[in-house]
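Residue strings, one per chain:
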Amino acid sequence: MSPSLVSILRLFVLALLALPALAAAKEVLRVLTWDGYADAEVVAAFEKRTGAKVEVTYASSDDDLWNKLVNKKGQDFDVFAVNTAELQRYIAEGLSVPISMAAITNNARQLPRFRHYADIAGLVRAGKTYAVPYTYSEMGLIYNRKLVKTPPTSFAAMWAPEYRGRVLAFNTSNHNFTLAAMVMGVKNPFQLSPAQLNEAARRLVQLRRNVLTYYATSDEVVEWFKRHEVALVFANYGTQQVRALQDAGADIGYVIPREGALAWLDCWALSSGSQNPALAQQWINYTLERPVSERLSKVHGLANTVTPFADSPPGDKIIWLEPIEDPARRKLLWDKIVSGERIENF
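Bear in mind the structure is a predicted one, so any value in this text is a computation, not a measurement.

1. Some points on helix H12 (residues 327–338)
Part 1 of the argument: The end-to-end C-alpha distance of H12 is 16 Å, a good match for the 16 Å that twelve residues give at a rise of 1.5 Å each.
Part 2 of the argument: Elements that come into contact with the buried residues of H12 comprise strand E9 (167–170), helix H6 (174–184), helix H7 (194–207) and strand E10 (211–215).
Part 3 of the argument: Positive phi shows up at Gly340, right after H12, with a value of about 100°.

2. Describing the sheet that holds E9
Part 1 of the argument: In space, the five strands of this open sheet follow the order E10-E9-E11-E8-E12, with mixed pairing throughout. In this open sheet, the two strands that pair with only one neighbour each are E10 and strand E12 (252–255). Across the sheet, the mean angle from the axis of one strand to that of its neighbour is 20°, orientation sign disregarded.
Part 2 of the argument: Bridge count for E9 against strand E11 (residues 232–234) is two bridges, and the pairing is parallel. The partner of Val167 across the bridge, within E11, is Leu232.

3. Quick look at the packing of aromatic side chains
Part 1 of the argument: All chains considered together, the criterion is met by 15 aromatic pairs.
Part 2 of the argument: A ring pair is formed by Trp66 and Tyr90, whose centres lie 5.0 Å apart and whose planes are at 70°; its orientation type is edge-to-face. Here Trp66, found in helix H3 (residues 62–70), pairs with Tyr90, found in helix H4 (residues 84–92); they are 24 residues apart in sequence, far enough to count as distant.
Part 3 of the argument: Look at Trp66 and you get buried, because its relative accessible area is 15%.
Part 4 of the argument: Tyr90 gets classed as buried once you look at its relative accessible area, which sits at 0%.
Part 5 of the argument: Aromatic ring contacts, followed pair by pair, group Tyr37, Phe46, Tyr134, Trp268, Trp283 and Tyr286 into a single cluster.
Part 6 of the argument: Its guanidinium or amino end placed over the ring of Trp66, Arg89 lies 3.8 Å from that ring's centre, counting from NZ or CZ.
Part 7 of the argument: Above the face of the Tyr136 ring, Arg113 is positioned so that its terminal group lies 5.6 Å from the ring centre.

4. What about the nonpolar core?
Part 1 of the argument: Of all hydrophobic cores here, the largest spans 107 residues; its most connected members are Leu29, Tyr37, Met158, Phe177, Leu232, Trp268 and Trp283.
Part 2 of the argument: Among the elements that take part in this core, strand E13 (residues 261–271) stands out by supplying seven residues, more than any other.
Part 3 of the argument: Beyond its immediate chain neighbours, meaning those up to four positions away, Leu232 contacts Leu141, Ile142, Tyr143, Val148, Pro152, Ala157, Met158, Tyr163, Arg166, Val167 and Leu168.

5. Structural notes on the pairing of strand E8 (residues 141–144)
For a regular strand, side-chain orientation follows a simple rule: the groups alternate between the two sheet faces.
Part 1 of the argument: Burial of E8 is two-sided: the residues Leu141 and Tyr143 facing one way and the residues Ile142 and Asn144 facing the other way are all buried.
Part 2 of the argument: In terms of strand pairing, E8 meets E11 through three bridges, oriented antiparallel. Bridge pairing in E11 links Ile142 to Val233.
Part 3 of the argument: Summarising the sheet, E8 and E12 pair through four bridges and their orientation is antiparallel. Bridge assignment links Ile142 to a residue of E12, and that residue is Tyr254.

Rules used throughout
Residues numbered from 1 in each chain as written. Predicted model: local features only at pLDDT ≥ 70, side-chain atom pairs only at ≥ 80, totals over all residues. Heavy atoms only, no water. Helix = DSSP H or I, 4+ residues; strand = E, 2+ residues; numbered from the N terminus. Expected span 1.5 Å × (residues − 1). Contact = heavy atoms within 4.5 Å. Pairing = 2+ DSSP bridges. Axes fitted to C-alpha atoms, helices over the stretch in contact; angles between N-to-C directions. Phe/Tyr/Trp six-rings, centres within 6.5 Å; stacked < 30°, edge-to-face > 60°. Buried < 20%, exposed > 50% of the residue type's maximum accessible area, 1.4 Å probe, protein only. Lys NZ or Arg CZ within 6 Å of the ring centre and 35° of its normal. Core = buried A, V, L, I, M, F, W, Y, C linked by side-chain atoms within 4.5 Å.

Shape is all these values report; function is a separate question.
Here you go:
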């Protein structure tokens, strides 16, 4: 037998041996999301139904989400969860691409206020849909009833000297500058002038003395409550945090201060780097099934867009998030604040 024929036969045998492995290869869906949006039970049911493997990565803040997506131009993920305000920068940078609504048949299951995407600011651009609403919450103020006898009426309580070292703040640039601007009385806290940004930065430096730590996840807050005398928490995760603390036995109250509470509407979006858009859209559609969406409320204390959730009292002021004037500038200033920069340098 000639050497060339032997080589061909070897390659043929190797190809036959590789066939079972190729047949066993699964499609992979890479999901970038927030805690509670894609828990083990939800993922397992989707994997069983589709035969695909789901890889879940969690974001710890909007800054973290952005960094993970902008890296490799979104090539690391197929689908991601993002609020409507933040979504605008992903569209502008080409990191988010339109969703085929023909694949989202469960849109018909959503509550009327979420069913018509063109009526929700930020979801539709030039007639194309970029995101599907999934969950929402306001970001109020949690207080420890054992340490705070009178419910706080303003976010300014976070700066009160009696709570020095007893405040948990969220580690993010966008919401913290907006929050400081609200306390300052700025008319539009999402669009700050350079002077207002610097003043907000100084306010956040002043807040630093009261901050026990800057947390990233809802679970972290529970652990800090168990180990320390925490008085106040800026509830970035809203009702999800309230549920987690109550389940842990914490004696807490939850208020919407007079300034109002920022509120986010988180949606599923398709990454421009998606390797399997069809599977990604199948995931989005799956999460709108009643049992999956209801799990957000029953297990994680979050409102969903399919079944009714107890609304906030009518008198509460809710402020839906809007795009901010300069995300990069806020992030630069925030990094200086958390690193200990002196107040006179702002």
